[in-house]
Amino acid sequence: MDQVHYLKNISASYKLPLLKKALQIARETKSLEKIANTAHEMSFAYDEKGRRDSSAAFYKIYRTTADSLFSENNQRNVSIKETEWMVKRQEIENSQLKEFTKLQDKELAIKNIMLLAVVISLLLIIGIAFFIYKSIQSSKRNTESQLKQNIAETQMQVLRSQMNPH
């Protein structure tokens, strides 16, 4: 672009060979932006010289190249937007998966707590049943021993009464 400002002070006759060389270099390097700028300047230079047909031809090259450049930029922008959208979608999916994982972890923790509560309850029930069983067994033994003692006392009384007739 700096060269374009320099070229504005030069007459069309001197400007055209420079622009032709610039156009050749731009085509060799396949720089659409430089091809478009050079063709645009050549269109103005030919217009200054009064060669409307050449001016129109280079303006057409300018428009075609500028449109291609615009289309290329649009495709690049669309690709960038598509990529950004895909990244955003992936981030959303990742955050949803993280939330889902957190929910599963909470559910698993609740299930583990419930299982632990059931196991503790079963152990308590078994412990209480064991103590009740031991208590009943102890009560039976006490009752049996009480009955045996009563029987023994009764037998002793019977023996005493037999020994002492009065």
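Thresholds applied
Starting from 1, residues in each chain are numbered consecutively following that chain's sequence as written. With pLDDT at 70 or above as the cut-off, local features in this predicted model cover only qualifying residues; side-chain atom pairs require 80 or more to be listed or tallied, and sums for whole chains, interfaces and linings still use all residues. With hydrogens and water set aside, each side-chain value is computed from the structure's full complement of heavy atoms. Helix axes are fitted to C-alpha atoms over the stretch in contact, other axes to C-alpha atoms as well, and angles between N-to-C directions run from 0 to 180 degrees. Helix and strand assignments come from DSSP, with helices taken as H or I runs of at least 4 residues and strands as E runs of at least 2, each series counted from the N terminus. Throughout, the term roughly parallel applies to angles under 35 degrees, roughly antiparallel to angles over 145, roughly perpendicular to angles from 65 to 115, and oblique to all others. Less than a right angle of anticlockwise turn of the near helix away from the far helix marks a crossing as left-handed, whereas a clockwise turn marks it as right-handed. Only heavy atoms enter the contact rule, under which two residues are in contact if any of them lie within 4.5 Å. Note on residue classes: Ala, Val, Leu, Ile, Met, Phe, Trp, Tyr, Cys and Pro are nonpolar, Asp, Glu, Lys and Arg are charged, and everything else, Gly too, is polar. Salt bridge, as applied in this entry: a Lys or Arg side-chain nitrogen positioned within 4 Å of an Asp or Glu carboxyl oxygen. Between buried and exposed lies partly exposed: a residue is buried under 20% and exposed over 50% of the maximum accessible area for its type, with that area taken using a 1.4 Å probe on protein chains only.

**Q** Mind showing me how you'd approach the packing of helix H2 (residues 12-29) against helix H3 (residues 32-48) here?
**A** Relative orientation and spacing of two packed helices are given, respectively, by the angle between their axes and the distance between those axes. Close contact between H2 and H3 brings their axes to 9 Å; oriented N to C, the two are set at 160°. Taken together, the axis directions place H2 and H3 in an arrangement best described as roughly antiparallel. Seen along the crossing, H2 lies across H3 with a hand that is left-handed. Contacts between H2 and H3 pair Ala12, Lys15, Leu16, Leu19, Lys20, Ala22, Leu23, Ala26 and Arg27 from the former with Lys34, Ile35, Thr38, Glu41, Met42, Ala45, Tyr46 and Glu48 from the latter. Looking at the contact of H2 with H3 residue by residue, the classes come out as 10 nonpolar, 1 polar and 6 charged.

**Q** Teacher, can you tell me more about the pattern of salt bridges here?
**A** Pairing between side chains of opposite charge can happen when the charged atoms of each approach one another. Under the definition given, this model contains 7 salt bridges. For Arg52, the salt bridge is made with Asp47, and the minimal N-O distance between the two is 2.1 Å. A relative accessible area of 52% places Arg52 in the exposed class. For Glu93, the salt bridge is made with Arg89, and the minimal N-O distance between the two is 3.7 Å. You can see Glu93 and its partner Arg89 sitting in helix H4 (residues 52-163), 4 residues apart, about one turn around the helix.

**Q** Would you explain the packing of H3 against H4 in this entry?
**A** Relative to each other, H3 and H4 sit at 160°, their axes nearing to 8 Å. Between H3 and H4, the angle is such that the two are roughly antiparallel. The crossing of H3 and H4 is left-handed. Residues Leu32, Glu33, Ile35, Ala36, Ala39, His40, Met42, Ser43, Tyr46 and Asp47 of H3 touch H4, and the partners they reach there are Arg52, Ser54, Ser55, Phe58, Tyr59, Ile61, Tyr62, Thr65, Ala66, Ser68, Leu69 and Glu72.

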